[in-house]
Amino acid sequence: MTFNPTPRQLSVIKVLIFLLALIPFVRLAYGAFTDGLGANPLEFITWNTGEWTLYFLTMTLAVTPLRRLTKWNWLVRLRRMLGLFAFFYVLLHFTAFFWFDHFFDVQEMLKDVAKRPFILVGFTAFVLLIPLAVTSTNGMVKRLGAKRWQWLHRLIYLIVPLGLLHFWWMRAGKHNFTEPLIFLVIVGVLLLVRAVWAMQKRAKEARQVRSPA
């Protein structure tokens with residue numbers, strides 16, 4: 001089914017997605033002011049923001065496969081917003097860890113990062129997301145050049161597995177593997193589809209090189 005929204009319709013879609021993407025944050029803020037975050041508010045905030053980071057990273061990763069399968073090229077126009085919301089929630093996730101766990105003590109935080117592998121993996125994914133968020137504007141695409149920008153943003157293929165590994169280790173402590181397995185299957189399928197398409201593209205290019213002019 002072909003669906004090509006008009007510029008006005010696309011603007012409405014973007015606004016709706018923006019408002020929906022803010023709901024988890026609004027719920028957290030409301031819960032914080034009304035003591036509605038349970039017996040351990042820090043754990044609730046940390047886990048909630050971490051999960052929503054993975055949701056938005058997965059949605060960002062799904063844009064291209066969905067676009068190619070549905071032929072809805074306009075979906076690409078939503079990818080930047082989804083990626084920036086992933087960064088927004090991972091920033092909240094990191095802030096909760098840095099503030100409530102370490103009270104902004106950089107040395108103690110770095111010691112904790114070095115000492116606990118699951119935190120090191122999550123921290124690495126967070127650091128790698130920073131240049132993607134910083135270079136998300138049209139101006140940065142022009143400044144870097146399309147090819148270099150694309151190569152930089154391929155870090156997403158490293159960031160998502162690192163985020164999944166971080167999530168897996170966190171859930172392993174409570175012997176809860178259901179959600180990590182669901183994420184693993186979805187992300188695995190998305191990456192496999194991309195890998196197949198990449199191999200098909202290389203094979204096609206190789207045939208064109210071998211074929212006579």
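Trainee: Before we move on, can you summarise the packing of helix H2 (residues 41–70) against helix H9 (residues 178–210) with the specific residues and values?
Mentor: At their nearest, the axes of H2 and H9 sit 10 Å apart, and the two run at 30 degrees to each other. The orientation of H2 relative to H9 falls into the category roughly parallel. The chirality of how H2 crosses H9 is left-handed. In contact with Glu-51, Leu-54, Tyr-55, Thr-58, Leu-61, Ala-62, Thr-64, Pro-65, Arg-68 and Leu-69 of H2, H9 contributes Glu-179, Phe-183, Ile-186, Val-187, Leu-190, Leu-191, Arg-194 and Trp-197.

Trainee: Just give me the short version of the packing of aromatic side chains, but keep the residues and values in it.
Mentor: Evaluated as defined, the whole model comprises 21 aromatic pairs. Both rings, one in Phe-56 and one in Tyr-89, keep their centres 5.6 Å apart while their planes meet at 5 degrees; by these two values the pair is stacked. In this pair, Phe-56 sits in helix H2 while Tyr-89 sits in helix H3 (residues 76–101), placing the two residues 33 residues apart along the sequence. Note on Phe-56: relative accessible area 3%, which makes it buried. Relative accessible area serves as the criterion here: at 0%, Tyr-89 is assigned to the buried category. Over the ring of Trp-197 we find Arg-68, and its NZ or CZ is 4.0 Å from the ring centre. Arg-154 extends its terminal NZ or CZ atom over the ring of Trp-151, reaching a point 4.2 Å from the ring centre.

Trainee: Describe the layout of surface pockets, with residues and values.
Mentor: In this structure, the largest pocket spans a volume of roughly 1,500 Å³. Together, 38 residues line the largest pocket, and Thr-64, Arg-79, Arg-154, Tyr-157 and Arg-194 are the ones closest to its centre. Within the residue set of the lining of the largest pocket, elements represented by two or more residues are H2, H3, helix H5 (117–134), helix H6 (138–144), helix H7 (146–153), helix H8 (156–172) and H9. Residue contributions to the lining of the largest pocket peak at nine residues, all from H3. In terms of residue class, the lining of the largest pocket is made up of 20 nonpolar, seven polar and 11 charged. In this structure, the second largest pocket spans a volume of roughly 630 Å³. Listed by contribution, the elements that provide at least two residues to the lining of the second largest pocket are H2, H3, H5 and H8.

Trainee: Can you explain the side chain of Thr-60? Please cite residues and give values.
Mentor: Within the secondary structure layout, Thr-60 lies in helix H2. Given the relative accessible area of 12%, Thr-60 is considered buried. Contacts of Thr-60, omitting those with residues within four sequence positions, involve Arg-79, Leu-82 and Gly-83.

Trainee: Got a sec to walk through the packing of H8 against H9? Specific residues and values, please.
Mentor: Axis separation between H8 and H9 bottoms out at 10 Å; the angle between their running directions is 165 degrees. Classified by the angle between their axes, H8 and H9 sit roughly antiparallel to one another. When you trace H8 past H9, the crossing you get is left-handed. Here Tyr-157, Val-160, Pro-161, Leu-164, Phe-167, Trp-168 and Arg-171 of H8 lie close against H9, whose contacting residues are Glu-179, Pro-180, Leu-181, Phe-183, Leu-184, Val-187, Leu-191 and Arg-194. Among the residues forming the contact of H8 with H9, the class breakdown is 12 nonpolar, no polar and three charged.

Reading the values: rules and limits
- Within each chain, residue numbers correspond to sequence positions counted from 1 in written order.
- Owing to the predicted nature of the model, reporting of local features is limited to residues with pLDDT of at least 70; listing and counting of side-chain atom pairs is limited to 80 or more, with chain, interface and lining totals taken over all residues.
- Excluded from the side-chain calculations are hydrogens and water; all other atoms, namely the structure's heavy atoms, are used.
- Comment: axis = line fitted to C-alpha atoms, over the contacting stretch for helices; angle = value between 0 and 180 degrees taken between N-to-C directions.
- Numbered from the N terminus, helices here are DSSP runs of H or I no shorter than four residues, and strands are runs of E no shorter than two.
- Angle categories: roughly parallel below 35 degrees, roughly antiparallel above 145, roughly perpendicular from 65 to 115, and oblique for all the rest.
- Helix crossings fall into two classes, left-handed where the near helix is turned counterclockwise from the far one by less than a right angle and right-handed where it is turned clockwise.
- What makes two residues a contact is simply this: any of their non-hydrogen atoms within 4.5 Å.
- Each Phe, Tyr or Trp ring, with Trp reduced to its six-membered ring, pairs with another whose centre is within 6.5 Å; inter-plane angles below 30 degrees give stacked pairs, above 60 give edge-to-face pairs, and intermediate values give tilted ones.
- Under the scheme applied here, a residue whose accessible area is under 20% of the maximum for its type counts as buried, over 50% as exposed, and between as partly exposed, the area being computed with a 1.4 Å probe on protein chains only.
- Any Lys NZ or Arg CZ that is within 6 Å of a ring centre and within 35 degrees of that ring's normal is treated as a charge sitting over the ring.
- Lining residues are those with an atom within 4 Å of a point, where the points come from a 1 Å grid over the protein atoms alone and group into cavities, where a 1.4 Å probe fits but cannot get out, or pockets, open sets with protein on both sides within 12 Å along at least five of seven lines.
- Grid points are joined across faces, edges and corners, and a volume is the space filled by probe spheres set on the points.
- Side-chain classes are defined by residue name, with Ala, Val, Leu, Ile, Met, Phe, Trp, Tyr, Cys and Pro counting as nonpolar, Asp, Glu, Lys and Arg as charged, and the others, Gly among them, as polar.

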